[in-house]
Amino acid sequence: MSAPKVAYFCMEFGLESDFKIYSGGLGILAGDILKAAKDINAPMVGVGILWRAGLTDQYIDKNGFPYDSYYDYRYDFLKDTGVTVEVKIKDDTVKLKVWKCDILGNVPLYLLDPFLPDNPHSLICGNLYGWFDEERIAQEIILGIGGYKALKALGEKVDIYHFNDSHPLFCATEIIKDYMTAQNMSFSEARAAARKNIVFTTHTPVPAGNEVHGHKVLDYMDAYNGLTKEQMTDIGGDPFGMTVAGLRTAKIANSVAELHCNTANKMWTDVKDAAVITNVTNGVHNKTWQSSQIKEAYLSNGDLYSIHQILKQKMIDEIYKRNGVKLLLDVPTIGFAKRAAPYKRGDLIFRDKAIIEPLLKEKKLQIIFAGKSHPNDYTGKNIIKNLFDMAKRYPESVVFLQNYDMHIGAMMTRGCDIWLNNPIRPLEACGTSGMKAAMNGVLNFAVLDGWWPEGCVHGVNGWQIGDGYEGAGCDEHDSKALYKCLTQEVLPTYQDKIKWAGMMRESIAMSDVKFSAQRMVKEYYEKIYSY
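These numbers were taken from a predicted model, which means no experiment stands behind them.

Account for the packing of helix α6 (residues 229–236) against helix α7 (residues 242–249), with residues named and values stated.
It is at 7 Å that the axes of α6 and α7 come closest, and there the two elements cross at 85°. In terms of orientation, α6 and α7 fall into the roughly perpendicular class. Judged by residue contacts, Thr233, Asp234, Ile235 and Gly236 of α6 engage Val244, Ala245, Arg248 and Thr249 from α7. When the residues that make up the contact of α6 with α7 are grouped by side-chain class, the tally is three nonpolar, three polar and two charged.

Dropping the structure here:
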């Protein structure tokens, strides 16, 4: 029996650093999946949106506060499919041009674009994720309903529609409507029929990452798509929960790490008629994220540490060009590159100045930060400001790299010595940056959250921070554990280069296959698409 043809829907795709249709981890995961599918000749296409300005180009002003700029990007490598489809938004018919991208080592990715002459709402896909509720809903109509129509118009024979997070959810309403009109089914019959062809990946356990919309605005935006309020409530509740609707329209759902599976099942236990949530742990695309020099040294049993030092020096040189700060090659260097969110606790390492300040001032430790926030997220922007302030306070030992993108992420996950991840457990769904670091022999130093409980062998391939504690006082608990492990284990080990190189090799051995995107895609076909 041949493998099913999958249409992989996602709001963002990170295929190449300068192709600005991604925001962060969700999109980079989606890009890695399309690349891994290409590598193993899996029958898959991607469906997304052609964002004109991406999320934002984000820099720091003279007062140390992030500001946003929006460049109207053009991509001459995209192919015109000649297909145009239509969706309804606020009683207007909006045309969507369909572009194709298939030259970045990926299976075909179809991108919907409303930026056409005399088109109503032609600028609705200017900014990834939009600024307000109505704009977000319009974008999700374009992705879900427009994406389904595009696949039909292109003649793609799809067996499985995979919704990566809840943004493509309105695709399900179009499939249901299609069954009701084309095959004269009742709503309940059509919903049951559609469900056989839909799978859903749930992500963040943080409430803000799980969208909820009022029915009044859904109706106003034409998101009902011909269904009634009663039928939409049956799918997503009142108010309408996008994740709830994903769970109720899919035949099976999956989490993105084993711990996240436990968290997600607890989080959504009260949702009636929900799909079973099983697990497929995320992976990353080796060819994209693993240095070819590191890979070669690993396979040939070569000198990993010397190769790493070359990559580290390359990173140091680029940081000097960007920031004017000359970091030292032989000082242990921590990397922390994340979306700016409170639960990720980017400043946890600075909580006890009596411990951290001497390490920084005496050149015993260096820290490199990078990150972005959504333009409307002023909490996230204040987190960035705090990190930037720390770089000013310790100008020779702490660096903040502006306008975080895939290029910076690759540079840091190859050039740093230690990869820090200290979220509030269990709020990190996965955290794939640590996998990228691990594949390059950059040693993870992390709270037991996301993927790390599945990979960590403490003191062998990295270090765990704390004991998996959850609950009140976690900041104090985890910061004490962080400082203890850092000062008593991590930094002393760095002085033993033979042991450090051995841990690098163990880190690569742990991650090279187990946390690869190819393993992940194969598991999707075996466990999810064939369910």
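Describe the nonpolar core, listing the residues and the values that go with them.
Core analysis: the biggest nonpolar cluster contains 102 residues, and Met44, Tyr161, Phe170 and Tyr529 have the highest contact counts within it. The leading source of residues in this core is helix α2 (residues 133–154), at nine residues. Apart from residues no more than four positions distant in its own chain, Phe170 is found in contact with Ile137, Glu140, Ile141, Gly144, Ile145, Leu218, Ala223, Met232, Phe240 and Met242. In this structure, Ile334, Ala391, Phe400 and Leu443 belong to the second largest nonpolar core, which totals 48 residues.

Would you mind going over the pairing of strand β12 (residues 252–255) in detail, with residue names and values included?
Along β12, one buried face is formed by Ile252 and Asn254 and the opposite face, lined by Ala253 and Ser255, is buried too. Where strand β9 (residues 198–201) lies against β12, three bridges are found, and the strand directions are parallel. By the bridge assignment for β12, Val199 is matched with Ile252. In this sheet, strand β13 (residues 277–279) lies alongside β12 in parallel orientation, the contact comprising three bridges. Each bridged residue has a counterpart across the sheet, and for Ala253 the counterpart in β13 is Ile277.

For the sheet that holds strand β15 (residues 366–370), give the residues involved together with the corresponding values.
Spatial strand order, β16-β15-β14-β17-β18-β19: six strands in an open sheet with parallel pairing. Only two strands of the sheet have a single neighbouring strand rather than two, namely β16 (398–401) and β19 (462–465). When the angles between neighbouring strand axes are averaged without regard to direction, this sheet yields 20°. The pairing of strand β18 (residues 443–447) with β19 spans four bridges and is classified as parallel. In the strand pairing of β19, Val447 is matched with Ile465. Sheet strands touched by helix α11 (residues 304–323): β14 (333–337), β15 and β16. Its angle to β16, the strand with the most contacts, is close to 75°.

So what's going on with the packing of aromatic side chains? Residues and values would help.
This structure, assessed with the given rule, holds 22 aromatic pairs. Here the aromatic rings of Tyr71 and Tyr73 are separated by 4.8 Å at their centres, their planes lie at 65°, and the arrangement is edge-to-face. Ring pairs connect the aromatic residues Phe19, Tyr71, Tyr73, Tyr75 and Phe77, which therefore count as one cluster. We note Lys326 situated over the ring of Tyr320; from NZ or CZ to the ring centre the distance is 5.1 Å.

Give me the lowdown on the side chain of His285, citing residues and values where you can.
Considering the arrangement of structural elements, one finds His285 in the loop between β13 and α9 (286–289). Given a relative accessible area of 6%, His285 falls into the buried group. Within the structure, His285 has its side chain in polar contact with the side chain of Thr288 (distance 2.7 Å). Here His285 is in contact with Asp32, Lys35, Ala36, Asp39 and Ala517, once residues within four sequence places are set aside.

Outline the packing of helix α10 (residues 292–299) against helix α18 (residues 497–511), supporting the account with residue identities and numerical values.
Closest axis-to-axis distance for the α10/α18 pair is 11 Å, and the angle between their directions is 100°. Overall, the two elements α10 and α18 adopt an arrangement that is roughly perpendicular. On the side of α10, the interface is formed by Ile294, Ala297 and Tyr298, while α18 contributes Arg505, Ile508 and Ala509. Of the residues contributing to the contact of α10 with α18, the split by class is five nonpolar, no polar and one charged.

Which residues make up a nonpolar patch on the surface, and what are the values?
Taken together, the side chains of Tyr70, Trp131 and Phe132 define a hydrophobic patch exposed on the protein surface, amounting to about 320 Å² of accessible area. Summarising the element assignment, Phe132 is placed in the loop between β7 (109–113) and α2. On the basis of relative accessible area, Phe132 is assigned to the partly exposed category, the value being 48%.

About the criteria used
Residues numbered from 1 in each chain as written. Predicted model: local features only at pLDDT ≥ 70, side-chain atom pairs only at ≥ 80, totals over all residues. Heavy atoms only, no water. Axes fitted to C-alpha atoms, helices over the stretch in contact; angles between N-to-C directions. Helix = DSSP H or I, 4+ residues; strand = E, 2+ residues; numbered from the N terminus. Parallel < 35°, antiparallel > 145°, perpendicular 65-115°, else oblique. Contact = heavy atoms within 4.5 Å. Nonpolar A, V, L, I, M, F, W, Y, C, P; charged D, E, K, R; others polar. Core = buried A, V, L, I, M, F, W, Y, C linked by side-chain atoms within 4.5 Å. Buried < 20%, exposed > 50% of the residue type's maximum accessible area, 1.4 Å probe, protein only. Pairing = 2+ DSSP bridges. Phe/Tyr/Trp six-rings, centres within 6.5 Å; stacked < 30°, edge-to-face > 60°. Lys NZ or Arg CZ within 6 Å of the ring centre and 35° of its normal. Polar contact = N/O pair within 3.5 Å; in protein donor to acceptor, adjacent residues only side chain to side chain. Patch = residues over 30% accessible without salt bridge, like charges linked within 9 Å, V, L, I, M, F, W, Y side chains within 5 Å. Areas by Shrake-Rupley, 256 points an atom, 1.4 Å probe, with all protein chains shown as cover. Salt bridge = Lys/Arg side-chain N within 4 Å of Asp/Glu carboxyl O.

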